[in-house]
Amino acid sequence: MPDMKYILVTGGVISGVGKGVIASSFGTILKCCGIDVTSIKIDPYINIDAGTFSPYEHGEVYVLDDGGEVDLDLGNYERFLDITLHRDNNITTGKIYQQVIERERRGDYLGKTVQVIPHITDAIQEWVQRVAHIPVTPENTLPRVCIVELGGTIGDIEGMSFVEAFRQFQFRVKRENFCCAHVSLVPMPKSTGEPKTKPTQSSVRELRGLGLSPDLILCRSEKPINHNVKEKISNFCHVAPEQVICVHDLTSVYHVPLLMEAQGVVQYLNERLQLNIAMPRPSRFMQKWRNLAKRVDNLRKEVNIALVGKYTKLEDSYASVTKALQHASIAAGCKLNLTYIEAVSLEKQTKIDDPVGYHKAWQDLCKSDGVIVPGGFGQRGIEGKIEACQWCRETQKPLLGICLGFQAVVIEYARNVLGLKGANSTEVNPECEDKLVIDMPEHHPGNLGGTMRLGKRKTYLEPSIVSKLYKKEVIEERHRHRYEVNPEYIERLQAAGLRFVGRDSTRTRMEVALVDSHPYYVSVQFHPEYLSRPLSPSPPFLGLILASLGKLKSYLSRGCRLSPRNQSDVSSDEDDLSEEVSSLTLIEENTVIENGKDLPNGVH
């Protein structure tokens, strides 16, 4: 068995410089070469996982098949590389220290003093080596390359133990199996109009002072960097000019791996890591990727979607939802125009407190072609979400509710159709008159961390628009919730027209609800956005986009196939891509690079 190869991606100068995009681009390029890739994200914070974070801290909490609550970067890797990661693919300082302390309590260290070096650093290295060999594809093939992204910035005190661990690790696995790529910012002050390399020089100097010499320096900048600047970075940072890769702001992130490949990344990695890739690459290397990037750039027709959420001040709070909407829009041949609406702004109290904000929010909602009400926790904004659901139901506006949005749909229907004015969720009001949404006792113990209904679970669908979109009767989707619809009210709600067409394996827990007389009024308890892929959009999201464009009926009548008219104008060399998009199949070798979190302004 060939040795595992490791690519460590570090960041310098500022956080959020684009490590996630670049780490995923490495994986995309290698996967196009036929090499199986896995990814690890290291977060130096002391939290055990991301489960208890506010979305305003690090963006959304991403949920894996095994129920792991992890950083949103793992979502980017999954979408990028079409792989299924596990909770151990996300390493935190908290997990490492917890493991070491548990070993010490068991007496595993035989009475020795437990220290950062060697015990913490050894634990990090062992974790990386163990997880790197876990298969992440349906075929269960062993990965050949593991891409490790070290979160934060070189020099952060939180990340020092990880940097030291990888300093040792490069000797542990031998030089030909380890490569370090450093992502740095090359600013271009408006006062001078020229790129400045000093921050990159300082960052690389600090990294080398810690014992890691970068093999590749990836320079992030607003505009393309000329050859003279590359030469300067090469001279001052102890690397050859071809080891300096420039990644400037692009029209879309779909171009990033293409830009890196054009600058010789494949050739360098092939030589440096001895990957035995046949060179030169064929003329149509990454052609599907090029077609997809070109297709996205050529989208002209727009679809206007309003997202009614609680955490709209930070767009990363809804990263996966946004990506799922983009995937569905690409499949439908249109450009997504997404408007974020703060749920509180739709509430009647806001009309008194902030009338301008209130009317602006309602104006944005009314302008939309379709509405999505995503998940959330707590009582703030719930009444605004209920108002949005009512407006969509009464005006026949397409709506997709997810998790808390599903619960808001049920509460709204109970209040305004069944006449139960006291209907509410016990999360909002434990003493409400009609408890339409209640907590699940088995998932609600004292601790908040990791105690929800998490991970991939089966849902059994009845014949409906949803089963037609999925093209199957049993689906598997990922969940993250602590509350459920009260089974005692199901019969009354169904009799009034809110049909529950999806249930769990016990048939007592509600998963999908819709109104048959509405063009598209669908809500789901699970999170379909987590399994959306660029050329295999999530069915509920595709349904929302098509309904918003007025194309859902024709799509269903054709057996859930998009007609050529629904596709954007693309050149004839993209026929192979159009066929894949039309049949909504998932390509194996090229899934799209995604990251909102790690991109500077100007990259969308």
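Conventions adopted
Residues numbered from 1 in each chain as written. Predicted model: local features only at pLDDT ≥ 70, side-chain atom pairs only at ≥ 80, totals over all residues. Heavy atoms only, no water. Helix = DSSP H or I, 4+ residues; strand = E, 2+ residues; numbered from the N terminus. Rg over C-alpha atoms; globule rule 2.2 N^0.38 Å. Buried < 20%, exposed > 50% of the residue type's maximum accessible area, 1.4 Å probe, protein only. Contact = heavy atoms within 4.5 Å. Salt bridge = Lys/Arg side-chain N within 4 Å of Asp/Glu carboxyl O. UniProt positions renumbered as here; feature names shortened; annotations may be inferred. Phe/Tyr/Trp six-rings, centres within 6.5 Å; stacked < 30°, edge-to-face > 60°. Lys NZ or Arg CZ within 6 Å of the ring centre and 35° of its normal. Axes fitted to C-alpha atoms, helices over the stretch in contact; angles between N-to-C directions. Parallel < 35°, antiparallel > 145°, perpendicular 65-115°, else oblique. Nonpolar A, V, L, I, M, F, W, Y, C, P; charged D, E, K, R; others polar. Polar contact = N/O pair within 3.5 Å; in protein donor to acceptor, adjacent residues only side chain to side chain. Pairing = 2+ DSSP bridges. Patch = residues over 30% accessible without salt bridge, like charges linked within 9 Å, V, L, I, M, F, W, Y side chains within 5 Å. Areas by Shrake-Rupley, 256 points an atom, 1.4 Å probe, with all protein chains shown as cover.

## Remarks on the overall build of the protein
Helix and strand counts for the protein stand at 21 helices and 21 strands. Its C-alpha atoms give the protein a radius of gyration of 25 Å, near enough to 25 Å, the size a compact globule of 604 residues would have. If you line up the protein on its principal axes, its C-alpha atoms span 75 × 65 × 50 Å. For the protein, the residues scored as buried account for 60% of the 604 residues in total. Put simply, 74% of the contacts in the protein that link residues at least 6 apart link residues at least 24 apart.

## Side note on helix H10 (residues 265–272)
Summarising burial for H10: six of the eight residues are buried, a large majority. Taken together, the buried residues of H10 touch strand E1 (5–11), helix H1 (19–32), strand E7 (178–185), strand E8 (216–221), strand E9 (244–248) and helix H9 (256–262). Once H10 finishes, glutamine 274 follows within two positions and takes phi at roughly 55°, a positive value.

## Remarks on the pattern of salt bridges
Two side chains bearing opposite charge may form a pair once their charged atoms approach each other closely. Under the defined criterion, the tally for this structure stands at 29 salt bridges. One salt bridge connects glutamate 78 with arginine 533, and the closest N-O pair in it is separated by 3.8 Å. Note that glutamate 78 is positioned in helix H3 (residues 72–81) and arginine 533 in the loop between strand E21 (521–524) and helix H19 (539–549), a separation of 455 residues in sequence. When salt bridges with common partners are traced through the structure, they connect Asp65, Glu78, Asp82, Lys456, Arg478 and Arg533 into a single cluster.

## Points about the UniProt feature "domain: CTP synthase N-terminal" (unreviewed entry) in the protein
According to UniProt, the positions carrying the feature "domain: CTP synthase N-terminal" (unreviewed entry) are residues 5–275. End C-alpha atoms of residues 5–275 are separated by 8 Å, and the span's content is 41% helix alongside 17% strand.

## Structural notes on the packing of aromatic side chains
The geometry of an aromatic ring pair is captured by the separation of the ring centres together with the interplanar angle, meaning the angle of the planes. If you walk through the whole model with that rule in mind, you get nine aromatic pairs. On the basis of an interplanar angle of 85° and a centroid distance of 5.8 Å, the ring pair of phenylalanine 166 and phenylalanine 169 is categorised as edge-to-face. On the criterion of helical spacing, the pair formed by phenylalanine 166 and phenylalanine 169 is a turn pair, its members being three residues apart in helix H6 (residues 160–172). Of the two residues, phenylalanine 166 and phenylalanine 169, both sit in the buried class. Ring centres 6.4 Å apart and planes at 80° place the aromatic pair phenylalanine 406 and phenylalanine 500 in the edge-to-face group. On the criterion of sequence distance, the pair formed by phenylalanine 406 in helix H16 (residues 404–416) and phenylalanine 500 in strand E19 (residues 498–503) is long-range, its members being 94 residues apart. Among the aromatic residues, ring-to-ring pairing joins Tyr6, Phe166, Phe169 and Phe178 into one connected group. Note that arginine 130 overlies the ring of tryptophan 127, its terminal NZ or CZ placed 5.1 Å from the centroid. One residue, arginine 507, lies across the ring of tyrosine 460, its end atom 4.0 Å from the ring centre.

## Let's talk about the packing of H1 against H10
H10 packs onto H1 with a crossing angle of 80° between their chain directions and a minimal axis gap of 11 Å. On the basis of their axis angle, the class for H1 and H10 is roughly perpendicular. Contacts between H1 and H10 involve Phe26, Ile29 and Leu30 from the former and Val265, Val266 and Leu269 from the latter. Along the lines of polarity and charge, the residues of the contact of H1 with H10 split into six nonpolar, no polar and no charged.

## Looking at the environment of arginine 499
Here arginine 499 lies in strand E19. Accessibility expressed as a relative area gives 24% for arginine 499, which makes it partly exposed. The sequence separation of arginine 499 and tryptophan 127 amounts to 372 residues, and the corresponding C-alpha distance is 47 Å. Aside from chain neighbours lying at most four places away, what touches arginine 499 is Glu462, Pro463, Ser464, Gln494, Val512, Ala513, Leu514 and Asp516. Here aspartate 516 takes part through its side chain, which lies 2.7 Å from a polar atom of the side chain of arginine 499.

## Describing the sheet that holds E1
The strand order across the open sheet built from seven strands is E5-E2-E6-E1-E7-E8-E9, with neighbouring strands paired in parallel fashion. If you trace the sheet from one side to the other, it starts and ends with strand E5 (90–92) and E9, each paired once. Strand-to-strand twist across the sheet, computed as the mean angle between neighbouring axes with direction ignored, equals 20°. Strand contacts of H10: E1, E7, E8 and E9, with the helix running at about 145° to E7, the strand carrying the most contacts.

## Quick look at a nonpolar patch on the surface
On the surface, Tyr97, Ile101, Val116 and Ile117 cluster together to form a nonpolar patch covering roughly 340 Å² of accessible area. Those elements giving two or more residues to the nonpolar patch turn out to be helix H4 (93–106) and helix H5 (116–132). Note on placement: valine 116 falls in helix H5.

## Let's talk about the environment of glutamine 349
Within the fold, glutamine 349 resides in helix H13 (residues 348–353). Overall, the relative accessible area of 46% leaves glutamine 349 in the partly exposed class. Once the C-alpha coordinates of glutamine 349 and glycine 384 are considered, the two residues, 35 residues apart in sequence, prove to be 9.9 Å apart.

## Describing the sheet that holds strand E15 (residues 434–439)
The three strands are arranged E14-E15-E18 in an open sheet whose pairing can be described as mixed. Strands with a single pairing partner mark the edges of an open sheet, and in this sheet they are strand E14 (423–425) and strand E18 (483–485). This sheet shows a mean twist of 30° between the axes of neighbouring strands, independent of strand direction. The sheet contact formed by E14 and E15 spans three bridges and is parallel. Among the inter-strand pairings, serine 425 is bridged to a residue of E15, identified as valine 437.

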